[in-house]
Structures are given as structure tokens and as C-alpha cells.
Amino acid sequence: MLKSDLINILVAKRGVTQKQAEATIETIFESMKDALCRGENIEIRGLGAFHVKNYQGYQGRNPKTGQVIPVKPKRGLLFRTGKELRDRVNRPAPQQAQSDLPSPETKSPGSTGTGL
């Protein structure tokens, strides 16, 4: 799903104009980006949580030359799904109608049923 898909859904479901939908989505995403850049965590109930993780600097090594290289401290972004979303994604898919699948008793003409 793309940002433009979210905008189109907002237009269709809420009846707002394209410009209003774009402004709304942009405002939400910019607010989220700003909060994460400040090191804040974001929790959206039913969806999940974004966490900023701080990594310490360390002495790395170039595998080709063996030279020691200092790696600077950095921050990474983690997303952990909420229980509701995780359960929904892992829910079994609905079964297709049984009439779509050939029954095991049905054999094509000339078939012996031996499978060989």
C-alpha cells in the first residue's frame, strides 16, 4: 500500500477533498517523523509501536584488510506489531467454496483410479 492509496481511501470513505486528504496524511506522517527524530516512541493501539533504539559505538573490523574501524553510535527504528494486528494477520484465510475444487471421487473418463 502506498501513501497515495491511503489518500484515496480517505477521500472515498470520508468524503473529503483530495487536497484535504493529502494534507491530513502529510500532517500525520510529519508528526510521526518529528516525534521519532526527537527520540520519542509512538504507540498506535491495534496497530503497533515504533521504538527508537540507541546503539553504542564500537570498534569494527574491515573483513578484507583486517583494519580496525571505529563505528559511530547511531539510532535505529524498530516496529513491533500489536497483539490485535498480529492475531489478525495470523488468522487462517477463509475457505473457498468446495464446489470450486474437484472432489476426490470424481475421475476423468478412462481413468483407472490407480494413479499409475
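Look up: the structure comes first, before these words.
A short tour of the structure in this document, coming up. No experiment lies behind these values; they were computed from the predicted model shown.

We now examine the packing of helix α1 (residues 3-14) against helix α2 (residues 18-37). Look at α1 against α2: their axes get within 9 Å of each other, and the N-to-C directions meet at 125°. In terms of axis orientation, α1 runs oblique to α2. The hand of the α1/α2 crossing is right-handed. Residue-level inspection shows K3, L6, I7, N8, L10 and V11 of α1 in contact with α2, the latter providing Q18, A21, E22, T24, I25, E26 and F29. Taken together, the residues that form the contact of α1 with α2 break down as seven nonpolar, three polar and three charged.

What follows covers the sheet that holds strand β5 (residues 74-81). One key point about sheets: their strands pair by backbone hydrogen bonds, in either a parallel or an antiparallel sense. The strand order across the open sheet built from three strands is β1-β2-β5, with neighbouring strands paired in antiparallel fashion. Either end of the sheet is taken by a strand with one partner, and the two such strands are β1 (42-44) and β5. This sheet shows a mean twist of 20° between the axes of neighbouring strands, independent of strand direction. Across the sheet, α2 is in contact with β1, β2 (48-55) and β5; its angle to β1 comes to roughly 140°.

Judged by side-chain polarity, M1, L6 and I9 come together as a nonpolar surface patch covering roughly 300 Å² of accessible area. Along the chain, M1 turns up in the segment before α1. Assessed through its relative accessible area of 73%, M1 is described here as exposed.

The subject of this paragraph is the packing of aromatic side chains. Tallied over the full model, the rule gives one aromatic pair. Ring centres 4.8 Å apart and planes at 50° place the aromatic pair F50 and F79 in the tilted group. With a gap of 29 residues between them, F50 in strand β2 and F79 in strand β5 connect regions that are remote in the sequence.

Its boundaries defined by the atoms lining it, the largest pocket holds a volume of some 180 Å³. With four residues, the single largest contributor to the lining of the largest pocket is α2. Partitioning the lining of the largest pocket into residue classes produces six nonpolar, no polar and no charged.

With that out of the way, let us pick up the environment of T81. Mapped onto the elements, T81 comes out in strand β5. Note: C-alpha distance between T81 and G48 (33 residues apart in sequence) is 4.1 Å. Aside from chain neighbours lying at most four places away, what touches T81 is L47, G48 and R86. For T81, the side chain forms a polar contact with the side chain of R86, separated by 2.9 Å.

This brings us to the pairing of strand β3 (residues 58-61). Every other side chain in a regular strand lies on the same face of the sheet, so the side chains alternate between the two faces. As paired strands, β3 and strand β4 (residues 68-71) are joined by four bridges and run antiparallel to one another. Within the sheet, the bridge partner assigned to G60 lies in β4 and is I69. The loop that links β3 with its antiparallel partner β4 comprises six residues; one of these, G66, has a positive phi angle of about 80°.

What counts and how
- Residues numbered from 1 in each chain as written.
- Predicted model: local features only at pLDDT ≥ 70, side-chain atom pairs only at ≥ 80, totals over all residues.
- Heavy atoms only, no water.
- Axes fitted to C-alpha atoms, helices over the stretch in contact; angles between N-to-C directions.
- Helix = DSSP H or I, 4+ residues; strand = E, 2+ residues; numbered from the N terminus.
- Parallel < 35°, antiparallel > 145°, perpendicular 65-115°, else oblique.
- Left-handed = near helix turned anticlockwise from the far one by under 90°.
- Contact = heavy atoms within 4.5 Å.
- Nonpolar A, V, L, I, M, F, W, Y, C, P; charged D, E, K, R; others polar.
- Pairing = 2+ DSSP bridges.
- Patch = residues over 30% accessible without salt bridge, like charges linked within 9 Å, V, L, I, M, F, W, Y side chains within 5 Å.
- Areas by Shrake-Rupley, 256 points an atom, 1.4 Å probe, with all protein chains shown as cover.
- Salt bridge = Lys/Arg side-chain N within 4 Å of Asp/Glu carboxyl O.
- Buried < 20%, exposed > 50% of the residue type's maximum accessible area, 1.4 Å probe, protein only.
- Phe/Tyr/Trp six-rings, centres within 6.5 Å; stacked < 30°, edge-to-face > 60°.
- 1 Å grid on protein atoms, 1.4 Å probe; cavity = no way out; pocket = protein on both sides within 12 Å on 5 of 7 lines; lining within 4 Å.
- Points joined across faces, edges and corners; volume = space filled by probe spheres on them.
- Polar contact = N/O pair within 3.5 Å; in protein donor to acceptor, adjacent residues only side chain to side chain.

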